[in-house]
There are 6 protein chains.
Amino acid sequence: MKNKLIPWQEKPENSKEVLWRYSENPIIDRYAIPTSNSIFNSAVVPFKDGYAGVFRCDNKAVQMNIFAGFSENGIDWDIEHQPISFAPGNTQMIDSDYKYDPRVTFIEDRYWITWCNGYHGPTIGIGYTFDFKEFYQCENAFLPFNRNGVLFPKKINGKYAMLSRPSDNGHTPFGDIYISYSPDMKYWGEHRCVMKVAPFEKSAWQCTKIGAGPVPILTNEGWLLFYHGVIATCNGFRYSIGAALLDENEPEKVKFRSQPYLMAPAEIYELTGDVPNVIFPCASLHSMEEDKLALYYGAADTVTGLAFGKISEIIAFTKKNSF
Amino acid sequence: MKNKLIPWQEKPENSKEVLWRYSENPIIDRYAIPTSNSIFNSAVVPFKDGYAGVFRCDNKAVQMNIFAGFSENGIDWDIEHQPISFAPGNTQMIDSDYKYDPRVTFIEDRYWITWCNGYHGPTIGIGYTFDFKEFYQCENAFLPFNRNGVLFPKKINGKYAMLSRPSDNGHTPFGDIYISYSPDMKYWGEHRCVMKVAPFEKSAWQCTKIGAGPVPILTNEGWLLFYHGVIATCNGFRYSIGAALLDENEPEKVKFRSQPYLMAPAEIYELTGDVPNVIFPCASLHSMEEDKLALYYGAADTVTGLAFGKISEIIAFTKKNSF
Amino acid sequence: MKNKLIPWQEKPENSKEVLWRYSENPIIDRYAIPTSNSIFNSAVVPFKDGYAGVFRCDNKAVQMNIFAGFSENGIDWDIEHQPISFAPGNTQMIDSDYKYDPRVTFIEDRYWITWCNGYHGPTIGIGYTFDFKEFYQCENAFLPFNRNGVLFPKKINGKYAMLSRPSDNGHTPFGDIYISYSPDMKYWGEHRCVMKVAPFEKSAWQCTKIGAGPVPILTNEGWLLFYHGVIATCNGFRYSIGAALLDENEPEKVKFRSQPYLMAPAEIYELTGDVPNVIFPCASLHSMEEDKLALYYGAADTVTGLAFGKISEIIAFTKKNSF
Amino acid sequence: MKNKLIPWQEKPENSKEVLWRYSENPIIDRYAIPTSNSIFNSAVVPFKDGYAGVFRCDNKAVQMNIFAGFSENGIDWDIEHQPISFAPGNTQMIDSDYKYDPRVTFIEDRYWITWCNGYHGPTIGIGYTFDFKEFYQCENAFLPFNRNGVLFPKKINGKYAMLSRPSDNGHTPFGDIYISYSPDMKYWGEHRCVMKVAPFEKSAWQCTKIGAGPVPILTNEGWLLFYHGVIATCNGFRYSIGAALLDENEPEKVKFRSQPYLMAPAEIYELTGDVPNVIFPCASLHSMEEDKLALYYGAADTVTGLAFGKISEIIAFTKKNSF
Amino acid sequence: MKNKLIPWQEKPENSKEVLWRYSENPIIDRYAIPTSNSIFNSAVVPFKDGYAGVFRCDNKAVQMNIFAGFSENGIDWDIEHQPISFAPGNTQMIDSDYKYDPRVTFIEDRYWITWCNGYHGPTIGIGYTFDFKEFYQCENAFLPFNRNGVLFPKKINGKYAMLSRPSDNGHTPFGDIYISYSPDMKYWGEHRCVMKVAPFEKSAWQCTKIGAGPVPILTNEGWLLFYHGVIATCNGFRYSIGAALLDENEPEKVKFRSQPYLMAPAEIYELTGDVPNVIFPCASLHSMEEDKLALYYGAADTVTGLAFGKISEIIAFTKKNSF
Amino acid sequence: MKNKLIPWQEKPENSKEVLWRYSENPIIDRYAIPTSNSIFNSAVVPFKDGYAGVFRCDNKAVQMNIFAGFSENGIDWDIEHQPISFAPGNTQMIDSDYKYDPRVTFIEDRYWITWCNGYHGPTIGIGYTFDFKEFYQCENAFLPFNRNGVLFPKKINGKYAMLSRPSDNGHTPFGDIYISYSPDMKYWGEHRCVMKVAPFEKSAWQCTKIGAGPVPILTNEGWLLFYHGVIATCNGFRYSIGAALLDENEPEKVKFRSQPYLMAPAEIYELTGDVPNVIFPCASLHSMEEDKLALYYGAADTVTGLAFGKISEIIAFTKKNSF
C-alpha cells in the first residue's frame, strides 16, 4: 500500500479495545443508491489518488449484485447506480445468478476481484480489472458450494493462493477455512484445511462456522487474517470478528489465532437490521509505517461500518490470546 | 368508499418511495387496552361518519382474539376491552380456539369479517355484522390448515371470492396465494392457484411465502392487491409488502406483480418487538377521487403502523416493475 | 352390493385374527403391466357380471397414475396398459401433475372416483364414469394439501359427504380424518373433525397419522370405516389397519374405534419393497348376507394384497376393543 | 431475610403492572469487568451489611463462568475480575467445562450455589461457601442433561429440595419443571413433575418450555415461585416471566399459576442484544414486612435488569389469574 | 450363577465368530401370547430349577408392557398373558405410562428389575420380586429422559451401581453410557461418564449412540459388559452388539472396548420386522466353569433371538481389538 | 477393452428388461474376507489375462477402505485381506480418514483410481497403479464435500475430465452431476453442471440426487453413462440405475437421458441389508464387438451384484425414453 492517508480516528480515551468503531458509523446507508435495499460486505482498495471499491448492493427486489464505487478519503463513497458488467476473461462461461460479498486485491498488474457467485448454488467467482471501468470474469475457482473466497495479495511459491469456505446451498450451519493454489487462476488444487471452528468450551463465538474476511496483510509475524466467527444462539446466528496469523510461506499453518473476539455486535445498527447481530469484515486499508488499520465491515447485513486499530496492537493481542 | 376524508400525510419532500410511513407511527401502542400484549394485523373500514375496525389484540397470556374498535379519523382508535362475541350465523358450529389477523369488507348489505380461526389448527373463519355490535359466525371456509383468507369486496360472476394461503400448523416455511369461490358463503370450490412465491434469484424478499393483505381494491387496471412476502434469513423470517394487479373478472390471472417490494422493515418499531422484522398489511382505506391510500400494517407483531401512497403511483410502479 | 360371489377364503384353522390374508398373496405383482414399477393402493367395485377397478400403477419413471382394470372373480385382474384419460366433467380445469391412491363408489347413477390429485401439491381429485370406458373429471374438492379423500356411498342428509386428511406437501408427519359436505360435488363446506390420532400411550400404531381407507360400509351399527394408522419408528413409518364405526346420519360422530390394529405388516411382501412396513387399504367388497368382506390393500407400496374377514366379527371386535 | 433496606423504587403513577422496571436499567453493563462480553442471569443474596452475588459473566471468547461480587445497596455492584475457584466439597470430581445461570440461597449454616455445570453436557452443579471467599464444589445433582436447578431455601420434610428442568444438549425446544429431594446434598431421588408447559391456546407465552427462576419465597400462600416461560415465534424464542404458588409442604403441588405473564420483553435493552427478546429472572430480594420485592433478571442474554413489585399484589395477581 | 445347564449350541464348524446364532432362532415368535404384536428386548435369570424372565411384549395396540415368564431350559418359554402388576415398594408413586426393555438381576436377597418407565417421558423404573409372583415398584432412579438402566449384580463399594443412558423424549440421535450410585435404591448420585460414542472414523457402528445391554458379568478381567451401538445410515438406525471390560471396583473406568462389533444384523428376522436392522441384547446366562454364555437379544424389535459364545474368547477378542 | 470374454448370461426368455440380473447373485458375499462386514460399490477392470478390481470392504468396525482383488472370469474374486497401501504420487499429502466407492480406469499408461476420500469430510481422492501391487496417491481433486468422482477413460481435448457430485458432510439430500477438467491430474477447473435431478413429476426415482456410476463408455452415440438416482420415500432413500448419453467432445452436454430407470431394487439381497433398497453401480466391463455389457453394482450397501445388458439395446432404450 502506498504512502497515502488512510481513514483514521484515534482510539477513544477510556477504550481498551484493539478495534474501535468510527464515531460516524455507519458510513454507508442502506439506501445510498436509488435501487438499494442494503449496502454491506464490500471491498475497498487504494486506487489512483484515492480509493476504489466493489460494493455489495442488494436491490429492493433483494437481488444481490456488486457495484463499483470511488472515494477520495475512504469514508465518503460515490457508488455507481448500475452493477458491474463483466466481459469474458479466461473463459466464455460467465453465468451468474447473483454476486455478493466481494473482495479485491492488486496482484502484479491488475486488481483481482473474488465474490460469491451464483452458479447452480454459491461458489467462488473471479474477475479482474485494470481501471475499475472494464471488468473481466474468469472461470469459477471451485465447484459449488463455496463462499468467502479470498485471494492472497501476492503469489506464494509461484502460485496464486485463495482461502475459501466450503458451504452448502442454504444458511450453512458449519464451515471451516481452506486454502487452494493455482498456477494460472484457472485450475485450482493442493487444497488444505487451514482453520476449523473452535470447540464450544474454548471459544464459543467461533464454534459454528468461520470464514476469511479481508485480503490477508503480510506482516513480520506472517499473514494477518481477519475472519468472522459465528455462534448459533437460540435466536439465530451471531457474527463476530477474530484475527489469526498464518505462516508467510505455508499459510495453511496457523501460528496464532485469537481466542477472544476482537469485535462483536453491540451497536444498534449492528443489533438491528435485515439480519440482526452480524458484523462481517470484507476489506481493510492499512499503513504499516503509521501502524494504522481501517477495517470495513457489513453491519446487520444492512449498512457498512468502519473500525480502526493499530496493527502492532492487533498482532500482540492475537499472539497473547492465542489458543 | 364514500367521499370521506381518509387519514393522510403528504410524501416527505426528498422521498422517492411509493409508500411512505406516517410520521407519528405507531398509531396504536401494544398496551392500548388494559389486557393487551400487542395490537397489530388489524382491519378497518368506513363506518357511519367515521371508521370501524376489527383488531387483533393478543392478551398478556398471549391468547389471540379479535376486538371491535371505532375511530373518527382513522388514526385515533377506541378499542373495546372485551373480544367480539359471535352468535351462530349460517351454522351452529362456531368453535374457535383462537382468532387472529382479521380482514373486513362490506358486500351488499353487511360487513363481512374473515380471520384465521383455530379449529384443530388454523383455518379461515367467516363472520358478519350489520352494526359492529352484534356479530354472527359462519361455517369455516376451508379445512385446516389455512391462513390469510381475504374476501373480494363484491361478488365476481355472481359468486363470493376469497383469497387464501394453504399453510401448515406451525410457522409454515412455504405458502402461495389461491382463490376459491362460493355461491352462498357456506360451500366453497373452484380453487385456483393465483400467485406463487418468486424464485430466489428474481425477487428474494418474496421467495419463502406470500399471502394476501388488505381487501383488494378495484381500479381501472384490475384488482389492486397488497400482499406480504417473506424471505427466510439465517436469523428468521422477514416480512415485506408488495403489490399486484389481478384481472377484474378472472382474478386468478395476475396482470402485474411488483418485483421490488414497496415497503420493508426499516424503522425501530418494525425491527424490534415480539417478532422482529415484520411488516404485515391487513387493511387499507382509499379515495379514488383524491388518489389517496392509507395502508394499515402490523409492525413486529407488536404495534400498528400506517403508511400512505398515491394509488396512481402504486399502479404505475407495479406495472413498471413487474416480472 | 348385488348378490354376487365375492373373493373368499376361509379363516385358517388356528387363526384368531378378525382379518386374515389370502394365501396366494400378493394377487397383483409389481410388474403386472409392461410399464409398471409397482401396483398398489387401488380401488375395486362390482361391475356388470364381475368387477371393475381403478389401479394405482407407478411406472418405471416412478410417475404415479391411475388405470382401469377388470376381473371376473376379483382376484385375477386385467389392467389396461394406458392410464385413464379424463374429459372435462363439471369444470374445464382438469390439470393433474399426478394421480394416486384412488377410491371408487357407486352413487345413484354413476361410479364416482376420488384420488390424490397433483395440483400445485396433493389435493383431492374427483371424477366419474358410467361404464369404465369414458371418464369425466370434476373440480378438485379442496385446496391443497390433502390426501385420502373417500366418498360415502350415498348422500347423507341430501348432501355428498367426503372424508379426507389435510396434509402437507411432503411425507406429512401428522394427519387426522375430517368430513366435508357438498350439495353438488362442486362446492364443499361444513368441515368437521372426525377422528384424530391416538395418544402414544393408548394406541401407538395410530399415533402419528391416520387416514380413511375404503369407501365406508353401511351396517346396522353405523358406517364401518377401515382406516390406516401410522407410527413413526426410528427407521421410518409403519402403516397398519384399524376399524371404526361412525354414526349413520352424523358420521362425524365416532361410535367405536379399535384400540388394537386389525392387521399390521408381517409378511415378507409387506416388510420389504419400495416402502417397507406398509399395508394400506383402499377398497373392499362385501356381502352382508354372507357376512363376508374382502379387503384390498397395498403392500410395501409395491404390490396388492387381499385379506378376508367376517363383518359381524369385525364389528364385534371394534366395539369390544374401542377406546 | 433480615430487616435490611432492599433496592426499591415506587411504581410509576400510571402503571397497572404488578412488576415494574427500575428506571435506571440496566444496572450492570455488558462490559462491567474488563474481560466480559455480557453479564446476566445472576444471583444475589443478603450478606453481612450488604449483599453478595454470583454473576454469570461470559468473557470475550464467549466462555461461560461465574464470578463473585459485592454491593452495599444491591444496585451498584463490584464484581471480581477472576471467576470463582472451587475446592473439592463432598467429592473429588469437580470437572466443569463451563458454569452459568447461578442461583444462591442460605440454608442452615452456609450459602448454597447451584448452576448449570458443563459435564459432558449441561447438568446441575452444586457448591457452597461460608464467606464468598472460599468456595467448595459438590457432586452434580443429576445426570446430564439438565438446567435451571434451584434449591428451596430450607429443608422440606427433612430433606433438601431442588427444582430443575430436564433438557437436551442444545437449545432445547421443550422443558418442564420437576422437583427432586436429597437427604445429604449428594444423592437425589423422589423426582416429581411439578409444572408442565401450558397449552398454546391457554397461555402461549409459556407453551414451549418453562424453568424455575429465583429461589422460591415462602409466603402464607405457599412458595412463591417466579419462573420463565418461552414461546417459539418464527423468529426465535421469547422469554417472559410468570409466577406460581406451590404447596408449602408438598411443593410438587401447584396451588396457583399465572395465565398472563407478569413481565415480557419490551424495552430496547431486552429486545436487542446477544439473544433478543429474553428476560430471565435468577434472583430476588424481598422484605415481607415492607411488602417489597426486587427481582433481578438477565436482559437479552447481555445485561442485568431490576424490577420491583409488592409481594401481596403478586400473590393476589397469581391467585386471580390462575388457570 | 448355579451349576445349571444353560442353553447351548456348539459353534458351527467354519465359523470364526465369537458370537454365533442359535440355529432355531427366533426362539420367541412375535405372536407368542394372544395379545402380542412383538416380544423382544427381554430379561432372563436363573430361577429355581429353571429360569424366569421378564419380557417386553407390545400388544396389538402397540402399548409397551412387561410380562413374567418361565422356562425349564431357557429356550422354550411360557409367558404369562397379563402384564406384571406392581404393588408399592419404597414409594407410593408408581405411575407408569408404559414399561419396556427390562433387565433383571439377583442382589443379596431378591431379584431387581429395571426398565424404561414412562413418567412424563422415558426414565428408569426399578422394582423387585422374591418369587416372580408378587412385584414391588420403587422410586424411579432418575429424572426423565433416560433409557437402558442396568444394575450391576452386586454392590460396589457398599453401594448399588447402575448404568444408564441419558436420552431425549423421541428417537434420540445421541447417547453415552453413565454410571450412578445409590446407598439405598432410592437416592442416586455420583454420576460419572463411562463410555461415549466412538468417532465415526474409528468405529462407525457405534458412532451415533451406545447403551448398556445385559447385566454385567464379573470376570477376572473386570466387568464384562455387552452393549449396543448404533449407526445412523441414510435409511435409519442400525443396532449392533459390542463388548467392553470395566474395572471391577471402579467400573467407570473402561479397560477394554471392542472396536469391531461382535454381532450385527444379518439374518432375515433381524433385517426385517417392525424396526429393521436391530439386534438389541438385554440379558445373558453364563457358566464360568463351562466357559459358556447365552445371549438373548431382540431382533428387529419384533422377535427374540439367542446367540452363544465362549466367555474366554469374548474377553480375548475384546482385549485384542480394543481402541 | 481387449477381445476378452467378459462375464455373461443370456437374457431370461420372458424378460423385457434392458438390464437383467445374474442368476447367481450376489457374486461377492458380505463376509468374503475375514474382516469384512460388507463388500460393495467396487470397481473392476480388465488386467492381464483376467481382471483386477478395487473393492470397498467395510470391516467389522465399519471402517471404510479399499482393497485390491483379482479374478480370471470377472465373477469369482480373490480379494486381498489388507487394504491398499498408498505411496505418495504427485503430493506428500495423502491423509485419508477413510476411502470408499472406488472407480478404476486405464488412461495412457496406467490405471487411475478415484474414490471418496476422507479429508475433513468426503472429497475425491485420486491414485494410480501400474500393476495393482504398488499404488500411488495424488492430490485430492476438490475441496470437500464431494462424492462419486469418476474419470473419463481418455483425455478430452487434451485434458483429464472428471465427473463428480458436490455433496455435504452427511447423508446429503441433494446432488447433481458436474464435470471438471485438469491438464495434469493436480489442478482442476472449468467446472460445468452436467445433469441435475429430475422434477418429481417427470421422473421421481431420480428427483432427490443423482451421481455418476461406472467409468463412461465411448459409443458411437457419445459417452454412455450409467448413474444412480435417488428418491426419498417416507422410509428412506431408494437408489436405482439410469443411463445417459453425453456428447463425445463436450460431455457437459447431455444428448439423451433415461426417464425410466433401467433397474431398481427388487431382489431380497437388494431390499434388505445394511442399507435397504440400494443398487449402486460402480463399474462395468463391456465388449463392443459382442454387444455385451456386464454391470457391477453394490446391493443394499452389503453385497456385490452383477447385471447384464446389450449395449445397443441400452442405447436405444435411452434414446427412446429420453426427457
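All figures in this text were calculated on a predicted structure; none of them were measured in a lab.

Quick look at the interface of chain F and chain A now. Tallying the contact residues gives 30 residues for chain F and 30 residues for chain A. The contact between chain F and chain A buries some 2,400 Å² in all, and 61% of this surface belongs to carbon and sulfur atoms. Contact with chain A buries area across many residues of chain F, yet Leu143, Tyr187 and His191 of chain F alone supply 29% of it, more than any other trio. Inspection of the region where chain F meets chain A yields two salt bridges. As a salt-bridge pair, Arg192 of chain A and Glu139 of chain F come within 2.7 Å of each other at their nearest N and O atoms.

With that settled, the discussion passes to the interface of chain E and chain C. If you look at the interface, chain E gives 21 residues, while chain C gives 22 residues. Around 1,800 Å² of area is buried between chain E and chain C when both sides are counted, 56% of it from carbon and sulfur atoms. Inspection of the chain E/chain C interface yields one salt bridge. Of the charged contacts, one joins Arg238 of chain C and Asp274 of chain E as a salt bridge, the two residues approaching to 3.2 Å between their closest N and O atoms.

Here we come to the relation of the copies chain E and chain C. Note on the identical chains: chain E maps onto chain C by a rotation of 120° and an axial translation of 0.0 Å, with an RMSD of 0.0 Å. Put plainly, the chains are arranged around a three-fold axis. Taken together, the interface assignments show that only 14% of the residues at the interface of chain E recur at the interface of chain C, consistent with different surfaces on the two copies.

A word on the relation of the copies chain F and chain A. When chain F is fitted to chain A, the residual RMSD is 0.0 Å, and the transformation amounts to a turn of 180° plus an axial shift of 0.0 Å. Given the turn and translation reported, the copies of this chain are related as if by a two-fold rotation axis. When the interface residues of chain F are mapped onto chain A, 100% of them again fall at the interface, so both copies present the same face.

This part is about the arrangement of the chains. Here chain A and chain C are not in contact; the least distance found between their C-alpha atoms is 19 Å. Across the gap from chain B to chain F, with no contact made, the nearest C-alpha atoms are 16 Å apart.

Turning next to the pattern of salt bridges. According to the stated counting rule, one finds 78 salt bridges over all chains in the structure shown. The residue Glu270 of chain D makes a salt bridge to Arg21 of chain D at a minimum N-O spacing of 2.8 Å. Here Glu270 of chain D is found in helix H1 (residues 268–271), whereas its partner Arg21 of chain D is found in strand E1 (residues 20–21), with 249 residues between them in sequence. Using a relative accessible area of 0% as the deciding quantity, one classes Glu270 of chain D as buried. The closest approach of N and O atoms between Arg56 of chain E and Asp58 of chain E, which form a salt bridge, is 3.0 Å. Asp58 of chain E carries the same exposure label as Arg56 of chain E, and that label is buried. Beyond isolated ion pairs, a larger network of salt bridges with shared partners links Arg30 and Asp274 of chain A together with Arg238 of chain B.

Our next topic: the sheet that holds strand E20 (residues 279–287) of chain F. All names here are of chain F. Strands sit in the order E1-E22-E21-E20 across an open sheet of four strands; the sheet is antiparallel. Each end of this open sheet is capped by a strand with a single partner; those strands are strand E1 (20–21) and E20. Summarising the sheet, E20 and strand E21 (residues 292–299) pair through eight bridges and their orientation is antiparallel. Bridge pairing links Leu285 to Ala294 in E21. Sheet contacts for helix H2 (residues 311–320): E20, E21 and strand E22 (303–309); angle to E21, the most-contacted strand, approximately 70°.

The rules we used
In every chain, residue numbers begin from 1 and rise along the written sequence. Numbering of ligands from 1 and lettering of chains from A proceed in the order in which they are written. Totals for whole chains, interfaces and linings use all residues, but because this is a predicted model, local features are given only for residues with pLDDT of at least 70 and pairs of side-chain atoms are given and counted only at 80 or more. To get the side-chain values, take all heavy atoms of the structure and skip hydrogens and water. Throughout, a contact is declared for two residues whenever any of their heavy atoms are within 4.5 Å. Simply put, the buried area is the total loss of 1.4 Å probe accessible area from both parts when two parts are fitted together. We define a salt bridge as a side-chain nitrogen of Lys or Arg found within 4 Å of a carboxyl oxygen belonging to Asp or Glu. Alignment of copies: least-squares fit on C-alpha atoms of residues with pLDDT of at least 70 in both copies. The helix count covers DSSP runs of H or I at least four residues long, the strand count covers runs of E at least two residues long, and both are numbered beginning at the N terminus. The buried label applies to any residue whose accessible area, calculated with a 1.4 Å probe on protein chains only, is under 20% of its type's maximum; exposed applies above 50%, and partly exposed to all values in between. Strand pairing is assigned whenever DSSP detects at least two bridges linking the two strands. Here an angle of 0 to 180 degrees is reported between the N-to-C directions of two axes, which are lines fitted to C-alpha atoms, with helices fitted over the stretch in contact.

Remember, this is a structural readout, not a statement about activity or role.
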